[in-house]
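# Notes for the structure review
Here are the chains, one letter per residue:
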Amino acid sequence: MRAPSLLAFLVLFAAARAAAEPFVAEWREVEDRKAVVATVESVREVEARTRIGGTLVKLLVREGDRVEAGALLAEVEDKKLALELVALDARLDALAAQRRQAGQDLERARTLRAQGAVPQARLDEAQAAFDVVEAQIAATRAERAVVEERRREGRVLAPQAGRVLAVRGTEGAVVMPGETVARLATRTYVLRLRLPERHARFMRAGDPVEVGARGLAERPDAVLGTGRLVLVYPELENGQVVADAEVEGLGDFFVGERVRVTIAAEKRRAILIPEAYLRRAPGVDLVRLESGLEVPVQRGPVLRIEGRPMVEILSGLAQGDRILPPEGAPR
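Overview of the structure. Quantities reported herein were computed from a predicted structural model and do not represent experimental measurements.

What counts and what doesn't
Residue numbers restart at each chain and count upward from 1, following the sequence in its written direction. Whole-chain, interface and lining totals are the exception, using all residues; otherwise, since this is a predicted model, local features are given only for residues with pLDDT of at least 70 and side-chain atom pairs are given and counted only at 80 or more. Side-chain calculation: all heavy atoms of the structure are included, whereas hydrogens and water are not. Helical segments are the DSSP runs of H or I of at least four residues, strand segments are the runs of E of at least two, and each set is numbered from the N terminus. Only protein chains enter the calculation, and the probe is 1.4 Å; a residue is then buried if its accessible area is under 20% of its type maximum, exposed if over 50%, and partly exposed in between. Whether two residues are in contact is decided by their heavy atoms: any pair within 4.5 Å suffices. Using a 1.4 Å probe, the Shrake-Rupley method yields the accessible areas, and only the shown protein chains count as cover for residues. Only one rule defines a salt bridge in this text: a Lys or Arg side-chain nitrogen within 4 Å of an Asp or Glu carboxyl oxygen. Joining through side-chain atoms within 4.5 Å is the link that ties buried Ala, Val, Leu, Ile, Met, Phe, Trp, Tyr and Cys residues into a set, and such a set is a nonpolar core. In this analysis, strands are considered paired if DSSP registers two or more bridges between them. A helix's residues, less one, multiplied by 1.5 Å, set its expected span.

## Quick word on the overall build of the protein chain
- Counting its secondary structure elements, the protein chain contains three helices and 20 strands.
- Buried residues in the protein chain amount to 34% of all 331 residues.
- A sequence separation of at least 24 residues applies to 74% of the contacts in the protein chain between residues at least 6 apart.
- Carbon and sulfur atoms make up 52% of the accessible area of the protein chain, which totals about 20000 Å².

## Section: the pattern of salt bridges
- By the definition in use, this model includes 15 salt bridges.
- With its nearest N and O atoms 3.9 Å apart, the salt bridge here joins arginine 144 to glutamate 148. One end of the pair, arginine 144, and the other, glutamate 148, are both in helix H3 (residues 120-152), four residues apart, so they sit about a helical turn from each other.
- Residue classification places arginine 144 among the partly exposed positions, given a relative accessible area of 26%.

## Topic: the nonpolar core
- Core analysis: the biggest nonpolar cluster contains 21 residues, and Val67, Leu73, Val164 and Leu184 have the highest contact counts within it.
- Going through the elements one at a time, strand S3 (45-49), strand S6 (72-77), helix H2 (79-115), strand S8 (162-167) and strand S10 (180-186) are the ones with two or more residues in this core.
- Aside from chain neighbours lying at most four places away, what touches leucine 73 is Ala48, Leu59, Leu60, Val61, Val67, Val156, Leu157, Ala158, Ala182 and Leu184.
- Val36, Met203, Val209 and Ala245 belong to the second largest nonpolar core, which has 20 residues in total.

## So, the pairing of S10
- Most of S10 is tucked away: six of the seven residues are buried.
- Pairing of S8 with S10, which is carried by five bridges, proceeds in the antiparallel orientation. Bridging from a neighbouring strand, arginine 163 pairs with alanine 185 of S10.

## So, unusual backbone geometry
- With a phi close to 55°, asparagine 238 is a non-glycine residue in the positive phi region.
- By the element assignment, asparagine 238 lies in the loop between strand S13 (223-232) and strand S14 (240-247).

## Regarding the sheet that holds S3
- If you trace the four strands from one edge of the open sheet to the other, you get S3-S10-S8-S5, paired in antiparallel fashion. Taken across any chain shown, the strands that pair with only one partner, and hence form the sheet edges, are S3 and strand S5 (66-67).

## Overview of the sheet that holds strand S7 (residues 155-157)
- Spatially, four strands are ordered S7-S6-S4-S9 in an open sheet, and the strand pairing comes out antiparallel. The two strands at the open ends of the sheet, each matched to only one other strand, are S7 and strand S9 (174-175).
- Direction of pairing for S6 relative to S7: antiparallel, over a ladder of three bridges. From the neighbouring strand, alanine 74 faces S7, where its bridge partner is valine 156.

## Some points on the environment of alanine 96
- Among the structural elements, alanine 96 can be located in helix H2.
- Along the chain, alanine 96 and glutamate 134 lie 38 residues apart, while their C-alpha atoms are 8.9 Å from each other.

## Details of H2
- The terminal C-alpha atoms of H2 lie 55 Å apart, and with 37 residues this matches the ideal 54 Å at 1.5 Å per residue to within 8%.
- Of the positions making up H2, those classed as buried are Leu81, Leu85, Leu88, Leu92, Leu95, Ala102, Gly103, Leu106 and Ala109.
- Contact partners of the buried residues in H2: H3.
- Glycine 116 sits one or two positions beyond H2 and adopts a positive phi of about 80°.

## Side note on the side chain of arginine 288
- Relative to the elements of secondary structure, arginine 288 occurs in strand S17 (residues 284-289).
- Not counting chain neighbours up to four residues away, the residues in contact with arginine 288 comprise Leu293, Glu294, Ile323, Leu324, Pro325, Pro326 and Glu327.

## Concerning the pairing of strand S11 (residues 189-196)
- Burial of S11 is extensive: six of the eight residues sit out of reach of the surface.
- Pairing analysis gives four bridges linking strand S2 (residues 27-42) to S11, with the strands arranged antiparallel. Each residue of the ladder has a partner; that of glutamate 41, found in S11, is valine 190.
- Relative to S14, S11 runs antiparallel, the two being bridged by six bridges. Its bridge partner being in S14, arginine 194 is matched across the sheet by valine 242.

Pasting the structure below:
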């Protein structure tokens, strides 16, 4: 019976030894997370401008409206163009009458020429008169098409799909060619971050960011989601580095709205140990070395590394120290 007992003892000893496997304290590179306030901004803003001068007779949008590319935003009317169209229509009517008369003269000249009653010169004159009227009609129609196109240019269209940020002008106001009627933000929004210059060397495109809820809420569960840096601008502005982050769900935000964002602002070396290896005593934190000796340590913040809570040790441990969980702690 002694052999099975010895075997069971060895198994238990091996299990206890494995359960008490020491953790080796080593220097690791950690990221310091920094909470900053970012501003929702449009990647690009465009302006819908008038192409003709006149009176703003219709204004069909207001601030905050979503519009598609080519949507009608406003109409500008130049009353002189309507008068020009009336004049051109009257000229076309007159030319149409002249054409009928010239056509009749041409047919009569052809008949008389066939009978030998008039010379060929008379027929040529009638043909030339008819061709002149035809050319005048074609030129007048082209002129009318130009005026009609200018009149259609009074329609102010959205150059791109997006949200209307500002509307300028009111119905009945006089506008000049090239004047802005509406300013639009494209549908692609970014979070624009501005951090002190010292963080510039740690920021890279592709770095993850955590975005808080709208309204700068401080509740830990009020999180909009995660995103990533897409652009770090190479030029500093007023001693700050500027970066853009893309995050899903910004389409409903106001341009200029502020959001709390957490980013990896700096990287440094630190000694981290599992939180379970730290024992809290009255007024002091203790760590048990492999030798069994408990040493006081100065703890720092708790960081989550690969889903595991790790405590930064500011002092009390050195590189290569082997530590065990506190006595009585669950294995």
